[in-house]
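# What the coordinates show
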Amino acid sequence: MRAGLTIKLAILLAGIGILASGLTGYYAYSANRAMLVGAAQRNLLTSTQLLSRRLSTAINDIASDARVLSTLPAAPVIVSLQTSEGEQGLKDRLAPVFASVLKAHPEYLQIRLISAEPNGMEQVRVDREGPRLMRIDGDQLQEKGHYPYVFETLQLHPGEVYLSRLMINHEDGAHAAEGQPTLQVATPVLTTAGKVGGVLVVNVSLTNLFRQLQADLPSHYQLYLTNHWGDFLIHPDAAQTFGFDKGRRILIQDSFRATVPLFRHTTNSVVVNGVDDPKQAQGQVLAFVRKPFGQREQQFLVLGLSRPLSDVLMGADALGRRIVHMVLAFSLLSIVLAVAFARALARPLNMLARAATRFSSDQSMEKLPLKRGDEIGILARCFDQMRQQLKTDMSNLYDRQQELTHLARHDSLTGLPNRMLFFQQLEQAMREAIPREQQLAVLFVDLDHFKDINDQWGHAVGDQVLHTAAQRLLHALRSEDTVARLGGDEFIVLLQGVGEANHLAAIAQKILDNLSQPMRIGGQSLLVGASVGISRFPQDGNTAEELVQHADQAMYEAKTHGRHTFALYHPPMNS
């Protein structure tokens, strides 16, 4: 054995060792990345759920403030529209209370007391305007009865709270609230008679509210918020928020397909990361939760947080560098061990190579050391078994090839030649008949009423009828004649050395007589019958296609004359 095989074997063993250590290192690195990403997903989902609960708490606090303000002693008197000298004094006492609440809550933009009559007129109103607070009075007060936060709140029971949709505030004269993402929280106000006579409305800045909610979240976390349609209300890119307010729709379902189940109510939370799904979360880990919101069951918010994937995988990168050093060390060790094993394995392989050389030229296995009890004897016996198996497999393959060749040229139901083989034989017979001045005849045989048999007795009985008809055709003809099945209930016959009309008529009549005999199939006696069309070579056609076509036309001529008969082709049939 050449020394080169030792080198090749050493390279192979070293490669296996290097590959094993590399795969182990890669698996450890990948597992660590997956573990870090999984932990980050769980933590991010927990943070998102916590933020959702904080939002609920914040909204409940705003609702509590609204309820407290609505029950102040002055509020029922004001909304009762009781004209008195002290009414203005009550408004003057209520406005500072609103101002103090606005001062204590930077996220509040506006607090208003609105009476139901007339037309939802504002009675007491304090707005935020930059760093200062403004009381709106006199002619600047507006009618708000046409806004949902007024007429829908008036339908509520005392103590219930109305939550508006999250939208851009476009009310004229809203000061700091105008043009801002706003949540309107309202509650009914009772009159002195104990009836709902007005509403207390608190306008909340959505931006300031969420700035407070995420104050203790890491700075690299980014916030997403959508309504129940999927429109972005908060997004790291402000240009993508409130698209419906700008005449376009920017949906979270289009940006993150993984959130679709949230809107189909099949799940309450979704996590996605840039490792498993880089198309949806490129360089990020994201978590989304669905949170019910508002009075209607179908209304909800989708709240999401994202975290940079690089921040999550910072520890994995350090581990990756250590794994590279480990793989290099194990690879060097693998090379040393591979050289040693290759030399140890070279000797028995050398012996096997010499033994193989003795029988490879004449494929003789007698000279193999089959009786040895060591590894070489085992390999030699394996070679002998492979030779025997190979010989058997080649024989089976040849038989299978012959079978496939037969199936490709014969009908699987009747065993007769198929259309392709018949045309080949017909063309060959035509080429041989021309120099010998012989005549050929083609008989087109079509069974009568075969469709009725299929419809009445089923296709299984129809197949048996076709098989029986094929056998009867073979018995009615000479061994040198060719019978083929074209398809369905159509058969074709090639007669060589026969051209006289009387002789052809006798053969056709014999075929008709054989096929008209009752067939005993499945306990039933069936009458079939056939119609035969005949064309002759060379007078009825110069090609195989013409002969078959003209025989087919003659068969249809026989069909028109009552079936169970035959007809010779004659040129007028072309018309």
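Before any of the text, the structure's been laid out above.
Now for a description of the structure that goes with this document. (Residues numbered from 1 in each chain as written. Predicted model: local features only at pLDDT ≥ 70, side-chain atom pairs only at ≥ 80, totals over all residues. Heavy atoms only, no water.)

The next thing to look at is the overall build of the protein. Each helix and strand counted, the protein has 15 helices and 19 strands in total. Looking at the protein as a whole, 43% of its 575 residues qualify as buried. Within the protein, residue pairs in contact and separated by at least 24 positions form 62% of the contacts whose partners lie at least 6 positions apart. When the accessible surface of the protein is totalled, it reaches about 30,400 Å², and 55% of it is carbon and sulfur. (Helix = DSSP H or I, 4+ residues; strand = E, 2+ residues; numbered from the N terminus. Buried < 20%, exposed > 50% of the residue type's maximum accessible area, 1.4 Å probe, protein only. Contact = heavy atoms within 4.5 Å. Areas by Shrake-Rupley, 256 points an atom, 1.4 Å probe, with all protein chains shown as cover.)

Take the nonpolar core next. General note: in soluble globular proteins, nonpolar side chains tend to be found buried as a group. In terms of nonpolar packing, the biggest core is built from 58 residues, with Phe 98, Ile 111, Leu 113, Leu 200, Phe 210 and Leu 225 touching the most fellow members. Per element, the largest residue contribution to this core is twelve residues, and it comes from helix α1 (residues 3-70). Contacts of Phe 98, omitting those with residues within four sequence positions, involve Leu 69, Ile 111, Arg 112, Leu 113, Val 124, Val 126 and Leu 200. (Core = buried A, V, L, I, M, F, W, Y, C linked by side-chain atoms within 4.5 Å.)

Applying the stated criterion across every chain yields a total of eight aromatic pairs. Just above the ring of Phe 300 sits the side chain of Arg 290; from NZ or CZ to the centre is 5.8 Å. (Phe/Tyr/Trp six-rings, centres within 6.5 Å; stacked < 30°, edge-to-face > 60°. Lys NZ or Arg CZ within 6 Å of the ring centre and 35° of its normal.)

Axes are the key here: two packed helices are described by the angle between their axes and the distance separating the axes. One way to put it is that helix α13 (residues 459-476) packs onto helix α14 (residues 501-516) with a least axis distance of 9 Å and a crossing angle of 145°. Here α13 runs over α14; the crossing is right-handed. For the pair α13 and α14, contact is made by Ala 469, Arg 472, Leu 473, His 475 and Ala 476 and by Lys 510, Ile 511, Asn 514 and Leu 515, respectively. Split by residue class, the contact of α13 with α14 holds five nonpolar, two polar and two charged. (Axes fitted to C-alpha atoms, helices over the stretch in contact; angles between N-to-C directions. Left-handed = near helix turned anticlockwise from the far one by under 90°. Nonpolar A, V, L, I, M, F, W, Y, C, P; charged D, E, K, R; others polar.)

What the five strands build is an open sheet, ordered β14-β15-β13-β18-β19; its pairing is mixed. Two strands bound the open sheet, and with one partner strand each, they are β14 (482-487) and β19 (566-568). Looking at each pair of strands side by side, their axes are set apart by 20° on average, direction ignored. Direction of pairing for strand β18 (residues 530-537) relative to β19: parallel, over a ladder of three bridges. Across the sheet, Ile 534 pairs through a bridge with Leu 568, a residue of β19. (Pairing = 2+ DSSP bridges.)

Turning our eyes to something else, we now look at the sheet that holds strand β9 (residues 232-234). With antiparallel pairing, five strands are arranged side by side in an open sheet as β9-β8-β12-β11-β10. The sheet terminates laterally at β9 and β10 (269-273), the two strands that pair on one side only. Averaged over all pairs of adjacent strands, the angle between strand axes in this sheet comes to 25°, irrespective of strand direction. The pairing of strand β8 (residues 222-226) with strand β12 (residues 300-308) spans five bridges and is classified as antiparallel. Residue Tyr 224 lies in a different strand from β12, and its bridge partner there is Gly 304.

With that out of the way, let us pick up the pattern of salt bridges. All chains considered together, the criterion is met by 17 salt bridges. Residues Arg 112 and Glu 171 are paired through a salt bridge, measuring 3.4 Å at the closest nitrogen-oxygen approach. On the criterion of sequence distance, the pair formed by Arg 112 in strand β1 (residues 108-115) and Glu 171 in the loop between β5 (167-168) and β6 (181-190) is long-range, its members being 59 residues apart. Glu 171 carries the same exposure label as Arg 112, and that label is buried. For Asp 411, the salt bridge identified is with Arg 485, shortest N-O distance 3.0 Å. Within this pair, whereas Asp 411 is found in the loop between α10 (375-409) and α11 (419-436), its partner Arg 485 is found in strand β14, the two being separated by 74 residues in sequence. Given a relative accessible area of 13%, Arg 485 falls into the buried group. (Salt bridge = Lys/Arg side-chain N within 4 Å of Asp/Glu carboxyl O.)

What follows is about the side chain of Asn 418. Position of Asn 418 relative to the elements: it lies in the loop between α10 and α11. Since its relative accessible area comes to 16%, Asn 418 is described here as buried. Separated by 3.0 Å, the side chain of Asn 418 and the backbone nitrogen of Leu 421 make a polar contact. The residues touching Asn 418, leaving out its near neighbours within four places in the chain, are Ala 408, Arg 409, His 410, Asp 411, Ala 484 and Arg 485. (Polar contact = N/O pair within 3.5 Å; in protein donor to acceptor, adjacent residues only side chain to side chain.)

With respect to the secondary-structure elements, Arg 249 resides in the loop between β9 and α6 (252-255). Between the C-alpha atom of Arg 249 and that of Trp 229, which follows or precedes it by 20 residues, the distance is 9.8 Å. At 2.6 Å, the side chain of Arg 249 and the side chain of Asp 231 are in polar contact.

Right, let's get into the side chain of Gln 253. Within the secondary structure, Gln 253 is located in helix α6. In terms of polar contacts, Gln 253 uses its side chain to reach the backbone carbonyl oxygen of Trp 229, at 3.2 Å. Sequence-distant contacts of Gln 253, that is, excluding residues within four places in its chain, are made with Trp 229, Gly 230, Thr 259, Val 260 and Phe 263.

Restricting attention to buried positions, one finds in helix α12 (residues 450-457) the residues Phe 450, Ile 453 and Asn 454. One side of α12 holds all its buried residues, which, seen down the axis, span an arc of 100°. Among the exposed residues of α12, those oriented more than 90 degrees off its buried face are Lys 451, Asp 455 and Gln 456. On the buried face of α12, the contacting elements are β13 (440-447), α13 and β17 (524-526). Looking one or two residues beyond α12, the residue adopting positive phi is Gly 458, at roughly 100°. (Arc of directions from axis to C-beta.)

Cis geometry marks the peptide bond from Glu 117 to Pro 118, where omega comes out at -5°. You can see Pro 118 is positioned in the loop between β1 and β2 (122-129). Of note, the amide linkage connecting Phe 537 to Pro 538 takes the cis form, showing an omega dihedral of 15°. Mapped onto the elements, Pro 538 comes out in the loop between β18 and α15 (544-560). Even without a glycine there, the phi angle at Asn 119 is positive, about 55°. With respect to the element layout, Asn 119 can be found in the loop between β1 and β2. Here Asn 119 falls in the partly exposed class, since its relative accessible area comes to 47%.

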